[in-house]
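# Architecture at a glance
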Amino acid sequence: MNSLNQVCLRNTDTDQSWTLEAYESIGGYSAWRKILKEKTDPNLIIEQIKKSGLRGRGGAGFATGLKWSFVDRDNPTQKYLVCNSDEGEPGTCKDTLILTLNPHQLIEGIAICAYVMGATKAYNYLRGEFILHYKRCEAAIKEATEKNLLGADCLGSGVDIEIFNVLGAGSYIVGEETAMLESLEGKRGMPRYKPPFPAMHGLYGKPTTINNTETLASVPVILEKGADWFAELGTERSGGTKIFCISGHVNKPGVFEVPLGTPFKDLLEMAGGIRQGRKLKAVIPGGTSMKLINANDSLDMKMDYSDIASKGSALGSGGVIIMDDSTCMVQALCHMMRFYEEESCGQCTPCREGSGWVYGILKDMLAGKAKPGDVDELYRVAKNIEGRTICAFGEAISWPVTSFVDLFREEFEFIVANNGKSMVESKLPGANHLAFGWPAYEQRDKL
Amino acid sequence: MSQIINEKMAKEIDKWVAKFPSDKKKSAVLMALRIVQDEYKWLKKEHVQAVADYLDVPNTEVGEVLTFYSLYQQKPVGNHTVKVCTSLSCCLNGAYSVLGYVENELGIKCGQTTKDGQITLQEAECIAACADAPAMIIDDKDFYRRVTPEKVKEIISNIKDGDRP
Ligand SMILES: Cc1cc2nc3c(=O)[nH]c(=O)nc-3n(C[C@H](O)[C@H](O)[C@H](O)COP(=O)(O)O)c2cc1C
Ligand code: FES
């Protein structure tokens with residue numbers, strides 16, 4: 001499997017991979033040094049990024065080169081770059097690896113992007129629990145600054161770049177880009193209305209670009225090895241590689257950086273297949289905010305933006321959650337919705353009220369207190385949130401609920417008709433509470 | 001210097017203030033609260049006031065931050081927090097068995113603090129360790145992955161003995 005880990009995770013098996021020495025030994029900072037030496041025209045870099053097909057790895061998949069062209073570099077005001085290292089989408093555990101194992105590549109990517117924006121200051125916003133990650137990133141910035149790869153007049157080029165690592169304090173919604181800007185300003189993480197867009201009116205009202213950790217960490221390799229090399233790794237509208245985090249009911253859960261377009265089946269195989277020889281039931285391909293895909297549709301799915309979209313879902317953050325046939329879909333959804341109810345920032349009525357309502361109906365279903373018609377009610381409430389909120393959190397409630405009901409309506413109807421008894425439970429002992437708990441775990445570890 | 005924010009804490013907070021533009025001290029509110037909480041374990045009204053005074057930010061605005069972010073403890077907690085992730089990937093791998101096991105080990109229910117004031121048990125939402133489910137986090141910074149009953153036992157006795165790394 002030589003196509004594994006070629007971009008963001010390219011050095012993760014080297015010793016002390018997070019040090020400057022280790023990073024430079026694999027060619028690290030060569031792209032940045034070249035830019036500083038040649039004073040490369042930022043437009044040429046944007047062209048390269050466009051050509052590479054790189055799309056945002058934070059969830060929305062927006063074309064990175066295009067995003068970079070939105071900020072007016074010639075505007076003399078202070079401009080900012082923000083790196084979104086808030087990794088919080090359930091099922092996603094990839095940026096955590098970049099931050100701990102390959103921080104210099106991220107720092108190099110941030111420096112390059114800041115240069116293109118004409119931004120002299122960049123913030124790397126890490127979620128509040130990432131203390132080790134923070135220390136690694138701080139150490140990386142210190143090392144790079146000592147070599148004048150960062151700081152004032154980098155390598156005598158006249159380019160100034162300062163990067164600051166900052167920590168959050170526990171909030172999923174802060175992962176949304178405008179909420180992150182609010183948080184950086186020392187406020188609650190309430191998403192902002194758009195327009196105005198951050199490219200015009202971002203951090204402290206200044207032009208700002210926001211990119212995900214994986215997006216920015218891909219940039220140095222693209223410039224080192226060429227846009228074509230990167231593009232050709234992937235498929236037509238999905239250039240390069242993507243880190244997928246395979247979790248749930250598999251034998252060997254793990255994080256794999258593979259070319260976009262890799263068949264889902266191959267990925268499943270890398271993760272050791274479905275645990276205990278059970279059957280695949282459904283897949284959430286891109287973190288819990290994305291729509292559910294049933295087993296049949298997943299088996300011929302290719303892991304790229306277009307193919308997953310053609311199955312009615314989205315690649316999202318790359319958090320692939322696998323559920324086997326022991327999973328009660330009502331319980332799974334209820335767990336997911338507890339999260340969204342908890343994390344709704346409460347700003348928009350459809351989301352604030354809807355998330356509580358949805359969670360309430362699901363709890364009633366499990367407790368045997370649901371009424372006939374509640375499945376339709378659940379669906380209606382969820383559907384009504386879609387498109388009616390400031391940020392995409394509304395869809396993150398609406399999409400899972402409607403897709404779960406669309407694919408497994410009979411399970412929802414059954415639990416309502418049978419006073420909380422799960423259809424799955426009735427067939428498979430121990431499926432209750434989604435937990436095979438320890439036994440499954442111990443068996444898995446022996447593999 | 002207020003009595004609440006001592007010199008050491010002030011120095012820490014100043015490091016964060018320095019990361020932001022000089023007229024944007026408010027940006028340091030999140031970390032200032034965290035630093036104060038690290039010292040006092042949970043945040044009372046007077047702590048909020050101390051942060052507000054120190055950073056010259058209205059008290060109500062610091063209060064808004066306090067109530068918004070989940071890492072801040074607004075009620076008394078033990079010297080250490082143990083949080084078990086109960087988001088989907090962990091649930092699919094027995095997070096509730098883990099939680100039940102920890103409850104048994106500590107002799108408390110989720111949300112409670114042990115009698116000796118050492119440990120508070122709480123649930124966490126996805127802590128970005130999903131491929132290593134089930135996962136726990138201690139003191140909002142130390143990750144424990146692929147936990148098993150044996151591991152839980154060890155982790156807890158380490159906290160109790162106070163020799164946790
Ligand atoms: C509710 C919500 C949560 C989000 N969480 C994250 C996150 O944890 N990390 C992230 O990079 N992007 C997250 N995003 C996406 C960001 O808003 C933004 O699109 C992204 O950081 C842009 O970077 P990219 O273009 O490089 O992907 C979230 C979006 C929403 C609506
Ligand atoms: S679901 Fe538990 S760490 Fe992500």
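Criteria and cut-off values
Residues numbered from 1 in each chain as written. Chains lettered and ligands numbered in written order. Predicted model: local features only at pLDDT ≥ 70, side-chain atom pairs only at ≥ 80, totals over all residues. Heavy atoms only, no water. Contact = heavy atoms within 4.5 Å. Buried area = accessible area lost by both parts, 1.4 Å probe. Salt bridge = Lys/Arg side-chain N within 4 Å of Asp/Glu carboxyl O. Polar contact = N/O pair within 3.5 Å; in protein donor to acceptor, adjacent residues only side chain to side chain. Helix = DSSP H or I, 4+ residues; strand = E, 2+ residues; numbered from the N terminus. Nonpolar A, V, L, I, M, F, W, Y, C, P; charged D, E, K, R; others polar. Axes fitted to C-alpha atoms, helices over the stretch in contact; angles between N-to-C directions. Parallel < 35°, antiparallel > 145°, perpendicular 65-115°, else oblique. Left-handed = near helix turned anticlockwise from the far one by under 90°. Near = heavy atom within 4 Å. Areas by Shrake-Rupley, 256 points an atom, 1.4 Å probe, with all protein chains shown as cover. Domains from an automatic or database assignment. Phe/Tyr/Trp six-rings, centres within 6.5 Å; stacked < 30°, edge-to-face > 60°. Buried < 20%, exposed > 50% of the residue type's maximum accessible area, 1.4 Å probe, protein only. Core = buried A, V, L, I, M, F, W, Y, C linked by side-chain atoms within 4.5 Å. pLDDT = per-residue confidence, 0-100. Pairing = 2+ DSSP bridges.

## Quick notes on the interface of chain A and chain B
Listed per partner, the contact involves 69 residues of chain A and 50 residues of chain B. Summed over both partners, the interface of chain A with chain B buries about 4,500 Å², with 61% contributed by carbon and sulfur atoms. With a shortest N-O distance of 2.7 Å, Glu-123 of chain B and Arg-338 of chain A are connected by a salt bridge. For the pair chain A and chain B, the interface holds 21 residue pairs in polar contact (both at pLDDT 80 or more). Take the side of chain A that touches chain B: its biggest share by element is seven residues, from helix 14 (residues 329-343) of chain A. Looking at the side of chain A that touches chain B residue by residue, the class counts come to 32 nonpolar, 22 polar and 15 charged.

## Quick notes on the packing of helix 14 of chain A against helix 15 (residues 349-367) of chain A
Residues and elements named next belong to chain A. Two elements in contact, helix 14 and helix 15, have axes separated by 9 Å at closest approach and are oriented at 150 degrees. Viewed along their axes, helix 14 and helix 15 adopt a mutual orientation that is roughly antiparallel. As for the relative orientation of helix 14 and helix 15, their crossing is left-handed in sense. Across the interface between the two elements, Val-330, Gln-331, Leu-333, Cys-334, Met-337, Arg-338, Tyr-340 and Glu-341 from helix 14 touch Ser-355, Gly-356, Val-358, Tyr-359, Leu-362, Lys-363, Met-365 and Leu-366 from helix 15.

## Observations regarding the site of ligand 1
All names here are of chain A. Close to ligand 1 lie 19 residues, the nearest being Gly-58, Lys-67, Asn-211, Asn-212 and Thr-215. Note that an oxygen atom of ligand 1 is positioned 3.3 Å from one of the backbone N or O atoms of Arg-57. In the environment of ligand 1, an oxygen atom lies 2.7 Å from a nitrogen or oxygen atom belonging to the side chain of Asn-212. Starting from 610 Å² of accessible surface for ligand 1 in isolation, the protein chains cover 90%. A per-element tally of the shell around ligand 1 places strand 4 (residues 208-212) first, with three residues.

## Topic: the domain arrangement of chain A
Residue and element names in this part refer to chain A. On domain assignment, one finds that chain A holds domain 1 (3-233), domain 2 (241-324) and domain 3 (329-444). On a C-alpha basis, the centroid separation for the pair domain 1 and domain 3 is 36 Å. Taken together, the twelve residues of domain 1 in the interface contact eight residues of domain 3. Carbon and sulfur atoms make up 74% of the surface buried where domain 1 meets domain 3, a total of about 860 Å² over both sides. Interface area lost by domain 1 to domain 3 is led by Tyr-172, Ile-173 and Met-190, which between them contribute 53%. Taken together, the connections running from domain 1 to domain 3 amount to two residue pairs in polar contact (both at pLDDT 80 or more).

## A word on the packing of aromatic side chains
All names here are of chain A. Tallied over the full model, the rule gives 16 aromatic pairs over all chains. Measuring from centroid to centroid gives 6.1 Å for Tyr-80 and Tyr-123, while their planes differ by 35 degrees, and the two rings are tilted. Residue Tyr-80 is located in strand 1 (residues 80-85), and its partner Tyr-123 is located in strand 2 (residues 121-126); the two are separated by 43 residues in the primary sequence. Looking at Tyr-123, the relative accessible area reads 0%, which means it is buried.

## What about the domain arrangement of chain B?
One frequent convention defines the size of an interface as the accessible area lost when the parts assemble. Domain assignment breaks chain B into domain 1 (7-68) and domain 2 (80-160). Of note, the centres of domain 1 of chain B and domain 2 of chain B, computed from C-alpha atoms alone, are 28 Å apart.

## With respect to the packing of helix 3 (residues 45-55) of chain B against helix 4 (residues 59-68) of chain B
Residues and elements named next belong to chain B. Running from N to C, helix 3 and helix 4 cross one another at 120 degrees; their axes reach a closest spacing of 9 Å. As far as their axial angle goes, helix 4 and helix 3 are oblique. As for the relative orientation of helix 3 and helix 4, their crossing is right-handed in sense. Counted together, Val-48, Gln-49, Val-51 and Ala-52 of helix 3 and Asn-59, Val-62, Gly-63 and Leu-66 of helix 4 form the full contact between these two elements. Across the contact of helix 3 with helix 4, the residue classes tally to five nonpolar, three polar and no charged.

## Side note on the nonpolar core
Counting residues in hydrophobic clusters, the biggest one holds 161 residues, and the most contacted among them are Trp-32, Trp-68, Met-337, Leu-362, Met-365, Phe-404 and Phe-412 of chain A. Core analysis: the next-biggest nonpolar cluster, separate from the first, contains 23 residues, Phe-264, Leu-268, Met-270 and Ala-295 of chain A among them.

## A word on unusual backbone geometry
Cis geometry is found at the peptide bond from Pro-195 of chain A to Pro-196 of chain A, where omega equals 0 degrees. In this fold, Pro-196 of chain A is placed in the loop between helix 8 (177-184) and strand 4. If you check the backbone angles, Asn-419 of chain A has positive phi at about 50 degrees while not being a glycine. If you check the backbone angles, Lys-41 of chain B has positive phi at about 75 degrees while not being a glycine. Its place among the elements puts Lys-41 of chain B in the loop between helix 2 (29-40) and helix 3.

## Some words on the confidence of the model for chain A
The share of residues in chain A with pLDDT of 70 or more is 94%, and the mean pLDDT across the chain is 93. Every residue in residues 429-447 of chain A is under pLDDT 50, and counting partners more than four places away or in other chains gives 54 contacts.

## Details of the sheet that holds strand 1 (residues 80-85) of chain B
Residues and elements named next belong to chain B. Taken together, the four strands give an open sheet; going across it, the order is 2-1-3-4, and neighbouring strands pair in mixed fashion. Every other strand in the sheet has two partners, leaving strand 2 (119-124) and strand 4 (142-144) as the edge strands with one partner each. The sheet shows a mean angle of 25 degrees between the axes of neighbouring strands, taken without regard to direction. Two elements, strand 3 (residues 136-138) and strand 4, share three bridges in a ladder whose sense is antiparallel. The partner of Met-136 across the bridge, within strand 4, is Tyr-144. Together, strand 1, strand 2 and strand 3 form the strand contacts of helix 6 (residues 95-106), whose direction differs from that of strand 2 by roughly 170 degrees.

## Comments concerning the sheet that holds strand 8 (residues 280-284) of chain A
Residues and elements named next belong to chain A. The sheet built from five strands is open, its strands ordered 6-5-11-8-9 with mixed pairing. Looking at which strands have only one partner, the edges of the open sheet turn out to be strand 6 (254-259) and strand 9 (293-294). Summarising the sheet, strand 5 (residues 241-248) and strand 11 (residues 319-324) pair through four bridges and their orientation is parallel. Pairing of Cys-245 across the sheet is with Gly-319, part of strand 11. Its contacts with the sheet place helix 17 (residues 393-417) against strand 8, strand 9 and strand 11, and it is angled at close to 150 degrees to strand 8.

## Section: the side chain of Ser-298 of chain A
Residues and elements named next belong to chain A. By the secondary structure assignment, Ser-298 is in helix 12 (residues 295-299). A polar atom in the side chain of Ser-298 sits 2.7 Å from the backbone oxygen of Ala-295. Setting aside its immediate chain neighbours within four residues, Ser-298 contacts Phe-264, Leu-280, Val-283 and Ile-293.

## Section: the pattern of salt bridges
All names here are of chain A. Throughout the structure, instances matching the rule amount to 40 salt bridges over all chains. Note that Lys-242 and Glu-214 form a salt bridge whose closest N and O atoms lie 2.7 Å from each other. With Lys-242 in strand 5 and Glu-214 in helix 9 (residues 213-225), the pair connects residues that are 28 residues apart, well separated along the chain. By relative accessible area, which is 1% here, Glu-214 ends up buried.

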